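# Close look at the chain arrangement
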Amino acid sequence: MRRIIGVLAVLAAGCGTSPAPAAKEAFRLEGSRLIGCCCAPPCPCRINKKPMQCHGCDHTDVVRVDRGHAGDVRMDGVTWVVVGRGFGEKSEGNWVVVYLDEKASPAQEKALVDMLSSDLKAWGPKARHLAGEFKGVKRVPLRYEIGPGDRTYLASIPGILDFKASAHVNPGHTEPVVSTGIMDAFGDRFIHADCQTHVYKDAALKYDWNLDGRQANFARFTLTPDRVARGAIGWGCWTAHSEFKDGEPYQEQLIGREKH
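Residues numbered from 1 in each chain as written. Predicted model: local features only at pLDDT ≥ 70, side-chain atom pairs only at ≥ 80, totals over all residues. Heavy atoms only, no water.

Helix and strand counts for the protein come out as 6 helices and 13 strands. Here the protein holds 260 residues, and 52% of them are scored as buried. Sequence separation of at least 24 residues holds for 70% of the intrachain contacts in the protein that already meet a minimum separation of 6. A total accessible area of about 12200 Å² is found for the protein, and carbon and sulfur atoms account for 54% of it. (Helix = DSSP H or I, 4+ residues; strand = E, 2+ residues; numbered from the N terminus. Buried < 20%, exposed > 50% of the residue type's maximum accessible area, 1.4 Å probe, protein only. Contact = heavy atoms within 4.5 Å. Areas by Shrake-Rupley, 256 points an atom, 1.4 Å probe, with all protein chains shown as cover.)

Bringing helix α3 (residues 106-123) into the picture now. The end-to-end C-alpha distance of α3, which contains 18 residues, comes to 26 Å, matching closely the 26 Å that a straight helix rising 1.5 Å per residue would cover. Of all the positions in α3, only Q108, A111, L112, D114, M115, S118, D119 and W123 are classed as buried. Positive phi appears at G124, one or two residues downstream of α3, with a value of about 60 degrees. (Expected span 1.5 Å × (residues − 1).)

Let us now look at unusual backbone geometry. In this structure, the amide linkage connecting P41 to the following residue, P42, adopts the cis form with an omega of -5 degrees. Here P42 shows up in the loop between β1 (27-37) and β2 (57-70).

Considering the arrangement of structural elements, one finds Q215 in strand β13 (residues 215-223). Classification of Q215 by relative accessible area gives buried; the value is 2%.

Looking at the element boundaries, G56 is found in the loop between β1 and β2. In sequence terms G56 and S91 are 35 residues apart; their C-alpha atoms lie 8.7 Å from each other.

The alternating pattern of strand β12 (residues 207-210) places Y207 and W209 on a buried face, while none of D208 and N210, on the opposite face, is buried. Relative to β12, strand β11 (residues 189-202) runs antiparallel, the two sharing 4 bridges. Opposite V199, over in β12, you have N210 as the bridge partner. The turn linking β11 back onto β12 is made up of 4 residues, and K206 within it adopts a positive phi angle of 55 degrees. (Pairing = 2+ DSSP bridges.)

Aromatic ring pairs: the centre-centre distance and the angle between the two ring planes describe each pair. A complete count under the given rule lists 9 aromatic pairs for this structure. Between Y207 and W209, the aromatic rings sit 6.0 Å apart at their centres with planes inclined by 90 degrees, giving edge-to-face as the arrangement. The ring of Y250 is capped by K50, whose NZ or CZ atom sits 5.7 Å from the centre of that ring. Across from the ring centre of F244, 5.5 Å away, lies the NZ or CZ of K126, which sits over that ring. (Phe/Tyr/Trp six-rings, centres within 6.5 Å; stacked < 30°, edge-to-face > 60°. Lys NZ or Arg CZ within 6 Å of the ring centre and 35° of its normal.)

What follows deals with the environment of G68. Among the structural elements, G68 can be located in strand β2. On the basis of relative accessible area, G68 is assigned to the buried category, the value being 6%. Spatially, the C-alpha atom of G68 lies 9.2 Å from that of T222, the residues being 154 residues apart in sequence. Apart from the residues within four sequence positions on either side, G68 is in contact with R28, L29, V73, R74, M75 and D76.

Counting through the fold element by element, T224 comes out in the loop between β13 and α5 (225-229). Residues within four places of T224 in sequence aside, it is in contact with E25, F27 and R28.

With that out of the way, let us pick up the pattern of salt bridges. With the rule as written, the count across this model stands at 22 salt bridges. D202 is the partner of K138 in a salt bridge, and the nearest nitrogen-oxygen pair spans 2.8 Å. Of this pair, K138 sits in strand β6 (residues 133-140) while D202 sits in strand β11; the two residues are 64 residues apart in sequence, bridging distant segments of the chain. D202 gets classed as buried once you look at its relative accessible area, which sits at 4%. It is possible to trace a salt-bridge network through shared partners that takes in R64, D66, D150 and R220. (Salt bridge = Lys/Arg side-chain N within 4 Å of Asp/Glu carboxyl O.)

This part covers the state of the cysteines. In total, this model carries 0 disulfides according to the counting rule given. Cysteine C43 is unpaired, with the sulfur of C45 as its nearest cysteine sulfur at 4.7 Å. Residue classification places C43 among the buried residues on the basis of a relative accessible area of 7%. In this structure C195 is a free cysteine whose sulfur lies 9.4 Å from that of C37, the closest cysteine sulfur available. Taking the relative accessible area as the measure of exposure, C195 reaches 8% and is therefore buried. (Disulfide = S-S within 2.5 Å.)

Following this line, the structure appears as C-alpha cells:
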C-alpha cells in the first residue's frame, strides 16, 4: 500500500520528471478541487512567482474524489480540506492542517495520510516552504457542492470555514476564463473564479482570516499512473524563493518603486 501511495508523491515532485514504473491503474482518482488564497487574481504561484505578500500565501484547498481507488482502498466520496500558510519570504511561520470529512473510513484516512506524507518527503528541502509545520488531521462535518455546469462552488466546515466562489466570465464571453500550463498538484489547467466568501477561523489553532474577494480557482482532475508518468504536474519544480536563486521581489515590495 505504501508503495502505491508513494507513486502519488510524483504529483508533487513531477514537473517533467518520470516516476518509477507502476502497474497499470494501480491507482485512479477522479474528482475536483477548489482553491482560494490571500492573493489578488490571477494566482502568482501557478506561474512560479512569489505571492503578493512577503508573509506568504494563506490558502484553502478543498479536494473531493468522486470515484477511484488507491491500491485496494476505494476512495469514492472522500473529501478533505488543506488550510495553511506557505511560500513566504520566511519559512518559520509556515504551517498546514488537514480537515477530513467525518464520513471517511479509517482505511481511507490512512490512504490519504500516507499520500500527503509521501508528498512532504518528495518535496525534500522545499517542504518547509510549501507546507511548514504539520498540525495534524481533524475529523469534521464537511460540505462541498458544485453547481450546474461547474459554474458555482461552495465548501464549508461548521464554525471553521465558509468558502463560496463562482466561475469568472469576462464581458462579451459566455465561457469561463481558463488557464493552462499552470503548476498544480492535480493537473495543469484550471477555471478562474470570483470569490464571494472566504472566511476561516480555528480557535484551537488561534488562526483566522477573511479573504473575501481574493483569488480562487477550480478544476476537475483524473489521476492515473499514465497521467503521472507524463509529468508537468506538481510542486517539485517550484523555485520562487531566494533560497532557490530567485531574486525577484514580492509584489508588495514593488509598491512605491515606480518613478513619477
